[in-house]
Amino acid sequence: MDLYEYQGKQYFRRFGIPTSPGGVADTVDEAVTQAEQAGYPVVVKAQVKVGGRGKAGGIKLAADAEEVRQHAGAILGMDIKGHTVHRLWVEHASDIAKEYYASFTLDRPAKLHLGMLSATGGVEIEEVAATNPGAIARLSIDPVTGLDRAAARRWVDEADLDEAARDQAADLLVQLYTCYTEGDCDLAEINPLILTTEGRVHALDAKVTLDDNARFRHPEWEEYAATETEDPRERMAHERGLNYIGLEGSVGIIANGAGLAMSTLDVVNQVGGRAANFLDIGGGANADVMAAALEVINADPSVKAIFVNIFGGITRVDEVAKGVIEALQRVDLRSPIVLRLDGTNAEEGRSLLAPHLSDRLLAEPTMLEAARRVVTLAGA
Ligand code: GDP
Ligand code: MN
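Residues numbered from 1 in each chain as written. Chains lettered and ligands numbered in written order. Predicted model: local features only at pLDDT ≥ 70, side-chain atom pairs only at ≥ 80, totals over all residues. Heavy atoms only, no water.

> What exactly am I supposed to notice about unusual backbone geometry here?
Leaving glycine aside, a negative phi is the common case for residues, and trans is the common case for peptide bonds. At the junction of Tyr-40 and Pro-41, the peptide bond is cis and its omega measures out at -5 degrees in the coordinates. Among the structural elements, Pro-41 can be located in the loop between helix H2 (28–38) and strand E2 (42–46). Put simply, Asn-191 and Pro-192 share a cis peptide bond, and its omega is 10 degrees. Along the chain, Pro-192 turns up in strand E10 (residues 185–196). Not every positive phi belongs to a glycine, and Lys-81 is a case in point at roughly 50 degrees. Position of Lys-81 relative to the elements: it lies in the loop between strand E4 (79–80) and strand E5 (83–84). In this structure Lys-81 comes out as exposed when scored by relative accessible area, which is 56%. Despite not being glycine, Lys-111 has its phi angle at roughly 55 degrees, a positive value. Position of Lys-111 among the secondary structure elements: in the loop between strand E7 (96–107) and strand E8 (112–118). (Helix = DSSP H or I, 4+ residues; strand = E, 2+ residues; numbered from the N terminus. Buried < 20%, exposed > 50% of the residue type's maximum accessible area, 1.4 Å probe, protein only.)

Okay, here's the thing in structure tokens:
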């Protein structure tokens, strides 16, 4: 789960990482109130989950209420790389002397944490990596030993941050590492990390990705989850407890198991179709789950045909078949369904379904044949 900047900064503060005082605003009037509270000059910042907001015109300095009105009015509703701005973060503006870059993420092949630190910040790190890779000091961190103050201090020297920033930066990096590990982040990134003209080091931006697998031990993440998805299909699916990702195509997909769902996407692609979603109904494919899955897919107007691909293992295909039949009585489907049912009790399942088959509910013996049929029906 990705956080908005204002949420990321809130998360940072919990671990002692310094940020500028500020507040969120959903209207121009609220922006002015927040600006008065933060103290002028302020910076008005679009809250969207994409980088490069500055270049896109989504970040503006304002010296007084009049300028806040002007910028807040222009930024609210603005489209930044396909994301509409509904919320602003207004914070006291900093006097920037230097912009740095700092992040922690997982180095999967090495099975270690990776810290990246650069005296060249404020620009996309990918750009620095491409044009001036030597400007990034990389630090591999063993999760068992962690990152102590002394190692952080040496790292800061290696990255060649300004002398005036080094001690504070080392403290901040230890805090950021704690946020990343104890806070269960997949990514904790500050770009830019700044040295102000008064000699203070703090986070001017926050990019935080939380590890969804750790959600069970973070009840406080629920407020982040509440603002998470903008896609109404995904919100509906998550409310029904389904593992769902919306895509751009016209073939709705329901499969049991993430691996089978991915293979189904591949096979649909292979025969020239495009999937409208990824939906893994998991192990217990009963009528409730099947009905919920069909409801979510049915609500997507771009879906023209639905592919239900079940391979019974522990899940018994006759149970799934009953689920499909019952679900069809509950949900009024716009699109035809193609079923491929195989595995444990497949024969029993197919005979249960036989009397229900029609030109709206078809069965195919193999995944490939089912994919061909569903793609034809979707008209792709
Ligand atoms: P991004 O473009 O989405 O990464 O948004 P950032 O929050 O990183 O802001 C982009 C740029 O705006 C920064 O690199 C700064 O140059 C500038 N900026 C942001 N906040 C301030 C501020 O408080 N004072 C000044 N002078 N510039 C700021
Ligand atoms: Mn940034």
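> Would you take a moment to explain the site of ligand 1 for this structure?
Taken together, 16 residues sit near ligand 1, with Lys-45, Arg-53, Gly-54, Ser-94 and Glu-99 positioned nearest. Take Lys-45: an N or O atom from its side chain is 2.6 Å from an oxygen atom of ligand 1. The side chain of Asp-205 places a nitrogen or oxygen atom 3.0 Å from an oxygen atom of ligand 1. For ligand 1, whose unbound accessible area comes to 560 Å², protein coverage reaches 79%. Looking at the shell around ligand 1, the elements with two or more residues in it are E2, strand E3 (59–62), E7 and E10. Three or more residues apiece are contributed to the shell around ligand 1 by two domains, here domain 1 (21–92) and domain 2 (96–225). (Near = heavy atom within 4 Å. Polar contact = N/O pair within 3.5 Å; in protein donor to acceptor, adjacent residues only side chain to side chain. Areas by Shrake-Rupley, 256 points an atom, 1.4 Å probe, with all protein chains shown as cover. Domains from an automatic or database assignment.)

Any functional reading would require information that these geometric values do not contain.
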